[in-house]
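# Descriptive analysis of the structure
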Amino acid sequence: MSDARLSVLKTYKLYVGGKFPRSESGRVYEVTDSKQNWLANAPLSSRKDARDAVVAARKAFGGWSGATAYNRGQILYRVAEMLEGRRDQYVREVAAAEGLSKSKAAEQVDAAIDRWVWYAGWTDKIAQVVGGGNPVAGPFFNLSSPEPTGVVAVLAPQESSFLGLVSVVAPVIATGNTAVVIASEKAPLPALSLGEVLATSDLPGGVVNILSGRTAEIAAPLAAHQDVNAIDLAGADETLAKELEIAAADNLKRVLRPQPVGDWAAAPGTDRMTAFLETKTVWHPTGSLGASGSAY
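Here the structure is a predicted model, which means the values were calculated and not measured.

### Thoughts on the overall build of the protein
Secondary structure assignment for the protein yields 10 helices and 10 strands. Compactness check: the protein gives a C-alpha radius of gyration of 21 Å against a globular reference of 19 Å for 296 residues, within 12% of the reference. In terms of its C-alpha atoms, the protein occupies a principal-axis envelope of roughly 95 × 40 × 35 Å. Counting only residues that meet the buried cut, the protein has 47% of its 296 residues in that class. Partitioning the intrachain contacts of the protein with sequence separation of at least 6 by distance along the chain shows that 75% fall at a separation of at least 24. Approximately 14400 Å² of the protein is accessible, and the part contributed by carbon and sulfur atoms is 53%. Measuring between centres, the 29 positive side-chain charges of the protein sit 4 Å from its 31 negative side-chain charges.

### Considerations on the sheet that holds strand E7 (residues 208–211)
Within a beta sheet, neighbouring strands are joined by backbone hydrogen bonds and run either parallel or antiparallel to one another. Spatially, the five strands line up as an open sheet ordered E7-E6-E5-E8-E9, and their pairing is parallel. The open sheet has two edge strands with one neighbour each: E7 and strand E9 (254–256). Going from strand to strand, the sheet's axes swing by 15° on average, the running direction of each strand aside. Here strand E5 (residues 151–155) pairs with strand E8 (residues 230–232) via three bridges, running parallel. From the neighbouring strand, Ala 153 faces E8, where its bridge partner is Ile 231. The strands touched by helix H8 (residues 215–224) within the sheet are E5, strand E6 (178–182), E7 and E8, with E6 carrying the most contacts at an inclination of about 150°.

### Concerning the environment of Asp 263
Along the chain, the position of Asp 263 falls in the loop between E9 and helix H10 (271–274). With 96 residues separating them along the chain, Asp 263 and Ser 167 place their C-alpha atoms 11 Å apart. Among the polar contacts listed, one links the side chain of Asp 263 to the backbone nitrogen of Ala 265, at a separation of 3.0 Å.

### Let's talk about the nonpolar core
By size, the foremost hydrophobic cluster in this structure holds 63 residues, and its most contacted members are Leu 83, Trp 116, Phe 162, Ile 173, Val 181, Val 208 and Ile 210. Considering every element that reaches this core, the biggest residue donor is helix H4 (residues 102–122), with 10 residues. Not counting chain neighbours up to four residues away, the residues in contact with Ile 173 comprise Trp 64, Arg 72, Leu 76, Trp 116, Ala 179, Leu 203, Val 207 and Val 208. Membership of the second largest hydrophobic core comes to 25 residues, among which are Leu 14, Ala 153, Ile 218 and Leu 222.

### As for the environment of Ser 145
Tracing the backbone through its elements, the reader meets Ser 145 in strand E4 (residues 140–148). Of the residues examined, Ser 145 reaches a relative accessible area of 29% and is grouped as partly exposed. Sequence spacing of Ser 145 and Val 282 is 137 residues, and the spatial spacing of their C-alpha atoms is 8.4 Å.

### A look at unusual backbone geometry
Even without being a glycine, Gln 36 presents a positive backbone phi close to 65°. Position of Gln 36 relative to the elements: it lies in the loop between strand E1 (28–32) and strand E2 (38–43). We classify Gln 36 as exposed; its relative accessible area is 59%. One non-glycine residue, Leu 252, adopts positive backbone phi at about 55°. For Leu 252, the position within the fold is in the loop between helix H9 (238–248) and E9.

### Some details on the sheet that holds E4
Here three strands make up an open sheet; going across it, the order is E3-E4-E10 and the pairing antiparallel. Looking at the sheet topology across the chains shown, the edges are occupied by strand E3 (132–133) and strand E10 (277–285). For E3 and E4, the ladder comprises two bridges, and the chain directions are antiparallel. Bridge pairing links Gly 133 to Leu 143 in E4.

### Some words on H9
Looking only at H9, the buried set comprises Leu 240, Ala 241, Leu 244 and Ala 248. Projected onto a plane normal to the axis of H9, the buried residues spread over an arc of 100° and lie on a single side. Exposed side of H9, more than 90 degrees from the buried face: Glu 238, Thr 239, Lys 242 and Ile 246 are the residues found there. Taken together, the buried residues of H9 touch E5, H8, E8 and E9. Capping the start of H9, Asp 237 holds a side-chain oxygen 3.3 Å from the backbone nitrogen of Thr 239, two or three residues further along.

### Topic: the pairing of E4
Joining the antiparallel neighbours E3 and E4 is a turn of six residues. As paired strands, E4 and E10 are joined by nine bridges and run antiparallel to one another. By the bridge assignment for E10, Ser 145 is matched with Lys 280.

So, how was this worked out
Residue positions within a chain follow its written sequence, with the count starting from 1. The predicted origin of the model limits local features to residues at a pLDDT of at least 70 and limits the giving and counting of side-chain atom pairs to 80 or more, whereas totals for whole chains, interfaces and linings rest on all residues. Hydrogens and waters are ignored; side-chain quantities use all the structure's heavy atoms. Helix and strand definitions follow DSSP, with helices as H or I runs of at least four residues and strands as E runs of at least two, each counted in order from the N terminus. In this setup the radius of gyration rests on C-alpha atoms only. A globule is expected at 2.2 Å times the number of residues raised to 0.38. Relative accessible area decides the class of each residue, using a 1.4 Å probe on protein chains only: under 20% of the type maximum gives buried, over 50% gives exposed, and in between gives partly exposed. Whether two residues are in contact is decided by their heavy atoms, any of which lying within 4.5 Å being enough. In short, Shrake-Rupley with a 1.4 Å probe defines the accessible areas, and a residue's cover is counted only from the protein chains shown. None of His or the chain ends enter the tally, which takes Lys and Arg as positive and Asp and Glu as negative. Lys charges are placed at NZ, Arg charges at CZ, Asp charges at CG and Glu charges at CD. Each pair of strands is called paired provided DSSP finds at least two bridges between the two strands. A fitted line through C-alpha atoms represents every axis, and for helices the fit uses only the stretch in contact; the resulting angles, taken between N-to-C directions, go from 0 to 180 degrees. Two N or O atoms count as a polar contact when they lie within 3.5 Å, although within protein this holds only if one can serve as hydrogen donor and the other as acceptor, and sequence-adjacent residues are included solely when both atoms are side-chain atoms. Among the buried residues, those of types Ala, Val, Leu, Ile, Met, Phe, Trp, Tyr and Cys that are joined through side-chain atoms within 4.5 Å form a nonpolar core. Working definition: the arc comes from the directions between the helix axis and the C-beta atoms, pointing outward to the latter.

What follows is the structure, encoded as structure tokens:
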């Protein structure tokens, strides 16, 4: 009996609504490494896939945005735990996707896991940074608090297939938004594998939906979609970004324009969280002043 065996090739699928569908188009495209060696076939998402992802994200928004910030932090930390357990797999995938040495790929994966932990810690603190009581001239409480924008379309960075991906997805969901993510067109496999981690963590289905394929082809219907509230253009070139901005203006989407990032491993700050937050301000009377001039 021969000891030789055939490898079990992985069939990559989309991640939509907590499930793993194939593209409704039935199409795939070849993904190659830096030396043009075949790695896998990835789903080539269609407009219908994009619309299905938006429906899933909208359905999940109420529950996710209504969860306590502390609970969201727990769930994000659980994702980091799951990633840590599959670290070796991601090192291999990132090394192949980006043409990196094993040690360099390991640095990228470790930074991505740490970034999940970092955003997990921010979930119940960001409101204290961007919200608070406002001084007003009158017997009123005036309180401002941040609320999630809604469904956010995210174009993942093209060159940083995993660390860049985590850096744009984690802040969106940390603040209570749901996301439709377009993976790096050239290197989608780490993103599609992330769906497997999200599905086995405590993250509700639909909070993050991951599509692969031609970025411009998928992004166009998302930018024009009336039920998408915001779009992050991190993975768009200058020409595509301009076209998507014009489409996004139709329903006054929030747009985060592409920004040059020298090093995705650098400290991210809070900008990507605040970019997709709305501020709600509430006025409330303090009641009549007493004889002593005090009020509650």
